[in-house]
Amino acid sequence: MTSSGAIRVLLGPQSPLPNIAEAVANSGLPDGPLAVISAAWQEAEGDIDDIRNLLGRELEDLYLYRRGEDLMASDADLAAAARLRQDKLIAQQRMYRMRLKQLSIAARHMLNADGDSEMIAAEQRHAIAQLRALDRHHLHRSESIWRGFSSVYSSASYATLARHAREMGEIIDRCTGVVITGGNVAVLINRMRLFGVDKLLDGCNLIAWSAGAMALSERVVLFHDRSPEGRRDAEVLGAGCGVIPGHVFLPNTQQRLRTGDRLRIGLLCRRFAPDSCIALDRGSELRIDESGVQYANTVRRLKHDGRLVKMRAA
């Protein structure tokens, strides 16, 4: 559930035809300036003139990526600890992928198996349970790496991080909402957690698309059936902000998922249940408040039988 009274607008990709202006206008978001998190754009962070023109509002970028780069350049101890953390996270992700590949192959074989229906159903449930157990283990191991880093370098206790967190908190407090752009979701989560910005979003009005929407869930799931390297099994990157629990957001599924492959879609849906897997494509608009989904346009939900069905308001 979201915090009481907060407006949450989730969108699909904003290129080449943005729908953010219409979505914000219809959301009931109060007039006033908006804070922006565009860290997922990395070196292009802060290039928000197009958003400003579309919304016709004052915007103030938090510059999470730039702040992080400047801080790493000036604080050798923090930089070394952050590099070590990232090296450990990358190694953990690599080991997870090795195990995930074999379990995913086995699960797909079981979902496509013929024979005694009762016997096969039991084996299918167990195969999916093994995937879920691996996902939980990976998430636990990744979070333990973050906890080790945060025990020393935290926005609550480390002076320079605390100063930046206060500055960004003050910006958010004087704005009527926060816009979170798409881009590289790993970079976005990294910077948000480094400065503790993820903790500042609870209770805020939020407008997010693509990677920004992914970051708001409890766990971030990477997926791509059409990558240059070939099909890749969906994988848990790590914990998200947890602002919108109960959902896994999958942007641009029309390009990134083989939506006609019911076996793969069904496995993806069952694997991350009870969370709902939500497809956010171009033109998608989803509004959620504390009572649930209030509006859904061109938003689809993945089903256990491998279909993608139109999502409706509660």
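Cut-offs and rules
- Residues numbered from 1 in each chain as written.
- Predicted model: local features only at pLDDT ≥ 70, side-chain atom pairs only at ≥ 80, totals over all residues.
- Heavy atoms only, no water.
- Helix = DSSP H or I, 4+ residues; strand = E, 2+ residues; numbered from the N terminus.
- Contact = heavy atoms within 4.5 Å.
- Disulfide = S-S within 2.5 Å.
- Buried < 20%, exposed > 50% of the residue type's maximum accessible area, 1.4 Å probe, protein only.
- Core = buried A, V, L, I, M, F, W, Y, C linked by side-chain atoms within 4.5 Å.
- Pairing = 2+ DSSP bridges.
- Right-handed = clockwise from strand over helix to strand, strands pointing away.
- Phe/Tyr/Trp six-rings, centres within 6.5 Å; stacked < 30°, edge-to-face > 60°.
- Lys NZ or Arg CZ within 6 Å of the ring centre and 35° of its normal.

J.: So what exactly am I meant to see when it comes to the side chain of arginine 67 here?
T.: Relative to the helices and strands, arginine 67 is located in helix α3 (residues 64-74). With residues up to four places along the chain from it excluded, the contact list for arginine 67 reads Leu62, His164, Glu167, Met168, Ile171 and Phe195.

J.: How should the environment of leucine 54 be read in this particular structure?
T.: Mapping leucine 54 onto the fold places it in helix α2 (residues 49-55). Measuring from C-alpha to C-alpha, the distance between leucine 54 and isoleucine 20 comes to 7.6 Å, with 34 residues separating the pair along the chain. In this structure, leucine 54 is in contact with Pro18, Ile20 and Ala21, ignoring residues within four places of it in sequence.

J.: Which parts of the structure should I look at to understand the state of the cysteines?
T.: Each disulfide is one covalent bond, formed between the sulfur atoms of two cysteines. For the structure shown, the criterion picks out zero disulfides. Cysteine 241 takes part in no disulfide bond, and the closest cysteine sulfur to it belongs to cysteine 204, at a distance of 11 Å. The thiol sulfur of cysteine 269 is not disulfide-bonded, and the nearest other cysteine sulfur, from cysteine 277, lies at 5.5 Å. The class for cysteine 269 is buried, based on a relative accessible area of 5%.

J.: What exactly am I supposed to notice about the nonpolar core here?
T.: Among soluble globular proteins, nonpolar side chains are generally buried collectively. Grouped together as the largest cluster of nonpolar side chains are 56 residues, with contacts concentrated most on Leu10 and Leu286. In contact with leucine 286, other than residues within four places in its own chain, are Arg8, Val9, Leu10, Phe249, Ile278, Leu280, Val293, Tyr295, Ala296, Val299 and Met311.

J.: Is there a simple way to explain the pairing of strand β2 (residues 34-37) in this structure?
T.: It is a general feature of regular strands that their side chains alternate between the two faces of the sheet. Covered by surrounding structure in β2 are Leu34 and Val36 together with Ala35 and Ile37, the residues of both alternating faces. As paired strands, β2 and strand β3 (residues 59-61) are joined by three bridges and run parallel to one another. Its bridge partner lying in β3, alanine 35 is registered against glutamate 60. This β-α-β element, β2 to α2 to β3, shows right-handed connectivity. The pairing of β2 with strand β4 (residues 177-180) spans four bridges and is parallel. Within β4, the position partnered with leucine 34 by the bridge is glycine 177.

J.: What's the story with the packing of aromatic side chains in this structure? I'm lost.
T.: Tallying each qualifying case throughout the model produces three aromatic pairs. Consider the rings of tyrosine 153 and tyrosine 158, whose centres lie 4.9 Å apart with planes at 70°: the pair is edge-to-face. With a relative accessible area of 14%, tyrosine 153 lands in the buried category. Connected via pairs of aromatic rings, a cluster forms that spans Trp146, Phe149, Tyr153 and Tyr158. The cationic tip of arginine 85 hangs over the ring face of tryptophan 146; the distance from NZ or CZ to the ring centre is 4.2 Å.

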